[in-house]
Amino acid sequence: QVQLVESGGGLVQPGGSLRLSCAASGTIFPITDMGWYRQAPGKQRELVATIPSDGRPNYADSVKGRFTISRDNTKNTVYLQMNSLKPEDTAVYYCNIYMMVPGWDPYEYWGQGTQVTVSS
């Protein structure tokens, strides 16, 4: 079993910052891609940022220059530093990982989601 525990969401004013964390625990095999997605009310879930184990991060155009994704492989944790937040960033943010489970194709896991609300 693998659990993804997210933290760091909350209410922030426009222009403010938040840092999300997502830690994987349980039976951990090598993790390839790690990422963050978000879903606003009435909208589909969308990619925010991803980071491979050995490559360059990828960002949605809407967050480039404002958000930074990073990972700590020793802690099986992925972070999302969010600066210059806007009301349109309001959403539930989900972390996502792919794990190389022996004998299987890369297995995908999702966190439970953390609410980010940007409002004055």
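Residues numbered from 1 in each chain as written. Predicted model: local features only at pLDDT ≥ 70, side-chain atom pairs only at ≥ 80, totals over all residues. Heavy atoms only, no water.

Peer 1: Got a minute to help me understand the pattern of salt bridges in this structure?
Peer 2: Note on pairing: side chains with opposite charge can pair once their charged atoms come close. One pass over the full model with this rule turns up four salt bridges. R66 is the salt-bridge partner of D89, the closest N and O atoms lying 2.8 Å from each other. Here R66 lies in the loop between β6 (58–59) and β7 (67–72) and D89 lies in the loop between β8 (77–82) and β9 (91–99), a separation of 23 residues in the sequence. Note on accessibility: D89 and R66 belong to one class, buried. Each of the salt bridges in this network shares a partner with another, and the network as a whole consists of R38, E46, R66 and D89. (Salt bridge = Lys/Arg side-chain N within 4 Å of Asp/Glu carboxyl O. Helix = DSSP H or I, 4+ residues; strand = E, 2+ residues; numbered from the N terminus. Buried < 20%, exposed > 50% of the residue type's maximum accessible area, 1.4 Å probe, protein only.)

Peer 1: What's the story with the nonpolar core in this structure? I'm lost.
Peer 2: One broad trend across soluble globular proteins is that nonpolar side chains are buried collectively. Ranked by size, the top nonpolar core spans 32 residues in total, and within it W36, L80, M82 and Y93 carry the most contacts. Residue assignment for this core shows that the elements contributing at least two residues are β1 (2–7), β3 (18–26), β4 (31–39), β5 (46–51), β7, β8, β9 and β11 (114–118). Sorting elements by how many residues they give to this core places β9 first, with five residues. (Core = buried A, V, L, I, M, F, W, Y, C linked by side-chain atoms within 4.5 Å.)

Peer 1: For this particular structure, what's the right way to read the state of the cysteines?
Peer 2: As used here, a disulfide is simply a covalent bond connecting the sulfur atoms of two cysteines. What the rule picks out here adds up to one disulfide. Paired by a disulfide, C22 and C95 hold their sulfur atoms 2.0 Å apart. Of this pair, C22 sits in strand β3 while C95 sits in strand β9, placing them 73 residues apart in sequence. Comparing C22 with C95 shows no difference in burial state: the two are buried. (Disulfide = S-S within 2.5 Å.)

Peer 1: Whenever I open this one, unusual backbone geometry confuses me. Can you help?
Peer 2: Phi angles above zero are rare outside glycine, and N76 is one such case at about 50°. One can find N76 in the loop between β7 and β8. We note that S84 has phi near 50°; this positive angle belongs to a residue other than glycine. By secondary structure assignment, the location of S84 is in the loop between β8 and β9.

Peer 1: What should I look at first to understand the pairing of β4 in this one?
Peer 2: Consecutive residues of a regular strand have side chains that alternate between opposite faces of the sheet. Summarising the sheet, β4 and β9 pair through seven bridges and their orientation is antiparallel. Bridging across to β9, W36 finds its partner in C95. Bridge count between β4 and β5: five bridges; the pairing is antiparallel. Counterpart to R38 in the pairing with β5 is E46. (Pairing = 2+ DSSP bridges.)

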